[in-house]
Amino acid sequence: MTRITAGLFISLDGVVEAPDQWHFPYFNDEMGAAVDAQLGSAETILLGRTTYDSFVGAWPQREADGGEDAEFAKKLGDTRKIVVSRQRLSFGPGASEATGDKPGASYDWRNSEQLQGELLTGVRELKAQPGGDIGIAGSVSVVRELLAAGLLDELHLLVHPIVVGTGARLFRDADALPLKLLSSTAFRTGVVHCVYTKDDGAPNGSYEDAKQHL
């Protein structure tokens, strides 16, 4: 069965909103390699509408400019991209530029399509198909739903050594969700790359149970 992995930039206080305002000072070759390993190796990329809008507003032009990140931009362009949106979107050559939150937006970024049907149903169908990994970048609301439904195989959190103070957090008003740490790597910048999966065998018990081991 196909695996789904998600990668997020996150602050020490759990903020995942607007990482462009606090993330870039911590970017280095180690982080670039981590992102490429998780997202760049995916056969399919699943993106929420807001994240897709930000990607389509940047990566096609970076590929065209031929700069230092043009190789990664081409890799994103060549990869199948599936967009999650409740609004009807259109894709293809000659389509107009992204129109933000306007219904009926159209996009001209190759290998893009819209997820058909409801999120969880559509993702279950994708997971049942043969093929390589499905990678998610950003797309916080999508990540939350897949985590809660047990459909996310790996959660890659790039924890930045900064307290942002305000902004949307990854976990908010959520039910308890035990996770198992698969690996952790500290970068030279102080960023820690933590990889988690759902822990179906998490311990449980009470304070009284814990006292028996003291």
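Below: a short report on this structure. Within each chain, residue numbers correspond to sequence positions counted from 1 in written order. Local features in this predicted model are restricted to residues whose pLDDT is 70 or higher, and side-chain atom pairs enter the listing and the counts only when it is 80 or higher, whereas totals over whole chains, interfaces and linings include all residues. Water and hydrogen atoms play no part in the side-chain values, which are based on all heavy atoms of the structure.

Here's the deal with the packing of aromatic side chains
Geometry of aromatic contacts follows a simple scheme: Phe, Tyr and Trp rings, the Trp one being its six-membered ring, pair when their centres are within 6.5 Å, and the pair is stacked under 30 degrees between planes, edge-to-face over 60, tilted otherwise. Tallied over the full model, the rule gives six aromatic pairs. Both rings, one in Tyr 52 and one in Trp 109, keep their centres 5.7 Å apart while their planes meet at 40°; by these two values the pair is tilted. Placement of the pair is Tyr 52 in helix H2 (residues 49-56) and Trp 109 in the loop between strand S5 (106-107) and strand S6 (112-114), with a sequence separation of 57 residues. Relative accessible area serves as the criterion here: at 4%, Trp 109 is assigned to the buried category. Centre to centre, the rings of Phe 55 and Trp 59 are 6.5 Å apart; their planes meet at 65°, and the pair counts as edge-to-face. Trp 59 carries the same exposure label as Phe 55, and that label is buried. In our convention, an over-ring charge means Lys NZ or Arg CZ found within 6 Å of a ring centre and within 35 degrees of that ring's normal. Between the NZ or CZ atom of Lys 81 and the centre of the ring of Trp 109, over which it lies, the distance is 4.5 Å. Numbering of helices and strands runs from the N terminus; a helix is a DSSP stretch of H or I covering at least four residues, while a strand is a stretch of E covering at least two. Throughout, exposure labels follow a simple rule: accessible area from a 1.4 Å probe, protein chains only, divided by the maximum for the residue type, with under 20% read as buried, over 50% as exposed, and the rest as partly exposed.

Things to note about the nonpolar core
Proteins that are soluble and globular tend to have nonpolar side chains buried together. For this analysis, a nonpolar core means a set of buried residues of the types Ala, Val, Leu, Ile, Met, Phe, Trp, Tyr and Cys, connected via side-chain atoms within 4.5 Å. The biggest cluster of nonpolar side chains holds 26 residues, and the ones touching the most others in it are Leu 46, Ile 136, Val 143, Leu 146, Leu 152, Leu 155 and Leu 170. Counting residues per element, the ones that place at least two in this core are strand S1 (4-11), strand S3 (80-84), helix H5 (119-128), strand S7 (134-137), helix H6 (140-148) and strand S8 (154-160). Note on definitions: a residue-residue contact is assigned when non-hydrogen atoms from the two residues lie within 4.5 Å. Excluding its chain neighbours within four sequence positions, the residues that come into contact with Leu 46 are Ile 82, Val 84, Val 123, Ile 134, Gly 135, Ile 136, Ala 137, Ser 139, Val 142 and Leu 146. Among the nonpolar cores identified, the runner-up in size contains 16 residues, and Leu 39, Phe 72, Ala 105 and Tyr 107 belong to it.

As for the pairing of S1
Burial of S1 is extensive: seven of the eight residues sit out of reach of the surface. Criterion used throughout: strands pair if DSSP finds at least two bridges between them. Pairing of S1 with S7 involves four bridges; the strand directions are parallel. Paired with Ala 6 across the two strands is Ile 136, which belongs to S7. In this sheet, S8 lies alongside S1 in parallel orientation, the contact comprising seven bridges. Across the sheet, the residue bridging to Leu 8 is Leu 157, located in S8.

What to know about H5
Among all positions of H5, only Leu 119, Gly 122, Val 123, Leu 126 and Lys 127 are buried. With its buried residues spanning 140° around the axis, H5 presents them on a single face. Buried residues along H5 sit in contact with S1, strand S2 (44-48), S3, S7 and H6. Throughout, the arc means that of the directions going from the helix axis to the C-beta atoms.

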